[in-house]
Amino acid sequence: MTLTQVAPAPTTTGGRPAQQASLVLQGADATGIVAAVASVLSRHGANIVSLDQYSDNPQGGAFFQRTVFALDGLRAALPALRADLDQHLVDAFGLSCTLRDLSVPKRVAIFASKSDHCLLDLLWRHRQGQLPVTVAMVISNHPDVAEEVRGFGIPFFHVPCQGADKSAAEAEHLRLLKGNVDFVVLARYMQILSGDFIDEVGIPIINIHHSFLPAFIGAGPYAKAKERGVKLVGATAHYVTRDLDEGPIIEQDVVRVTHAHSAADLTRRGADVERAVLSRAVLWHAEDRVMRDGNHTIVFA
């Protein structure tokens, strides 16, 4: 079980101080899991705010559950609650269990290149309070977006990454990231991460790309799509693995296009979809709504 304990930002429930936490469970399905969750939370005076669950086969299949609960004095109550959950869910049912204080936002680093539409959209949504994260830094292999990023009050780091040997750049990335962030977002970062870097960084990485893959690989995908007369453009957000662009998918979307749309129109409409898909993926990850199971995901959106 993992547990984050940092001083919470109080909210109110019925005029009394209250905090909220998420409880995420995953493992083999069995009779009594939901009842055990409710029993443990009730015993500690917690009030369930929302509960989502899914079983891919009720006869011994995989079970997934996300519960959000409110509990006065949450920070002080977490250690005892964690011990109770360990006994009655982890030990009794063999489930993996993550308990997190939702008042402590996850820390994210955003990687970007010259294309800034996804990056600036995330920073704007964050400033508007739409993304419950702390943007710890923006890292780019180009200096072009530095001033815009700093205008949001976010630290910007230019780490050049040229040629086949990216070891120096990735070493600097690791130095910047280690212990400072909880996940990474590739906001149209146009560099391939090495398998060694993915293993070493040890935190989730979310990527966004157009949904034509494996077609129209490389530069200018929308121009290539126009030449083929495509009728849909879209975007895919997924977790990064050693298998390039084949990690578990978090979110996808498409919009229709016609013969009358130019390559520039396709690029613009594609950018709109990329922004929306990536922002939803980041939001759902930040709120513990995405559960990985092999190479696919369960998303309680």
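Each remark here, short or long, concerns the structure printed above.
Procedures and definitions
- Starting from 1, residues in each chain are numbered consecutively following that chain's sequence as written.
- Only residues with pLDDT of 70 or above have their local features reported here, since the model is predicted, and side-chain atom pairs are shown and tallied only from 80 upward, although totals for entire chains, interfaces and linings are computed over all residues.
- Side-chain metrics in this entry use all non-hydrogen atoms of the structure; hydrogen atoms and water are not considered.
- Paired strands are those between which DSSP finds at least two bridges.
- Here a helix means four or more residues in a row that DSSP labels H or I, a strand means two or more in a row labelled E, and each is numbered from the N terminus.
- To obtain each axis, a line is fitted to C-alpha atoms, and for helices this fit is confined to the stretch in contact; angles are then taken between N-to-C directions over 0 to 180 degrees.
- Within this scheme, the nonpolar core is defined by two criteria: the residues are buried Ala, Val, Leu, Ile, Met, Phe, Trp, Tyr or Cys, and they are joined through side-chain atoms within 4.5 Å.
- For every residue, the accessible area (1.4 Å probe, protein chains only) is compared with the maximum for its type, and the residue is labelled buried under 20%, exposed over 50%, or partly exposed between those bounds.
- Whether two residues touch is decided by their heavy atoms; if any such pair falls within 4.5 Å, the residues are in contact.
- Only centres within 6.5 Å qualify two rings of Phe, Tyr or Trp (six-membered ring in Trp) as a pair; their planes then separate them into stacked at under 30 degrees, edge-to-face at over 60, and tilted for everything else.
- Whenever two N or O atoms come within 3.5 Å, that pair is a polar contact, provided that in protein one can donate a hydrogen and the other can accept it, and provided that, for residues adjacent in sequence, both atoms are side-chain atoms.

Draft legend 1. Structural detail: the pairing of strand 4 (residues 47–55). Pairing analysis gives 8 bridges linking strand 4 to strand 5 (residues 62–71), with the strands arranged antiparallel. The residue of strand 5 that forms the bridge with I48 is F69. Once strand 4 ends, the chain turns through 6 residues before running back antiparallel as strand 5, passing G60 with a positive phi of about 85°.

Draft legend 2. Looking closely at the sheet that holds strand 9 (residues 156–158). Taken together, the 7 strands give an open sheet; going across it, the order is 9-8-7-10-11-12-13, and neighbouring strands pair in mixed fashion. In this open sheet, the two edge strands, each paired with only one partner strand, are strand 9 and strand 13 (249–256). Put simply, the sheet's adjacent strands are angled 20° from each other on average, direction ignored. Bridge count between strand 12 (residues 232–239) and strand 13: 7 bridges; the pairing is antiparallel. Paired with L232 across the strands is R256, a residue of strand 13.

Draft legend 3. Examining the nonpolar core more closely. In this structure, I110, L119, L123 and L278 are the most contacted members of the largest nonpolar core, which totals 34 residues. For this core, the elements supplying multiple residues, two or more each, are strand 7 (106–112), helix 3 (117–127), strand 8 (133–140), helix 4 (146–151), strand 10 (183–186), strand 11 (205–210), strand 12 and helix 8 (263–286). When residues of this core are assigned to their parent elements, the largest contribution, 7 residues, is made by helix 8. In contact with L119, not counting residues within four places along its chain, are I110, A112, V138, V145, V149 and A187. L23, I33, L41 and C97 belong to the second largest nonpolar core, which has 21 residues in total.

Draft legend 4. The packing of aromatic side chains, seen in detail. One pass over the full model with this rule turns up 2 aromatic pairs. Measuring from ring centre to ring centre gives 6.2 Å for Y54 and F64, while their planes differ by 20°; the resulting arrangement is stacked. Highlighted residues: Y54 in strand 4 and F64 in strand 5, separated in sequence by 10 residues. By relative accessible area, which is 39% here, Y54 ends up partly exposed.

Draft legend 5. Region of the structure containing the side chain of T67. With respect to the secondary-structure elements, T67 resides in strand 5. A relative accessible area of 0% places T67 in the buried class. A polar atom in the side chain of T67 sits 3.0 Å from the side chain of Q65. The residues contacting T67, other than those within four sequence positions of it, are A21, S22, L23, V37, L41, I48, S50 and L51.

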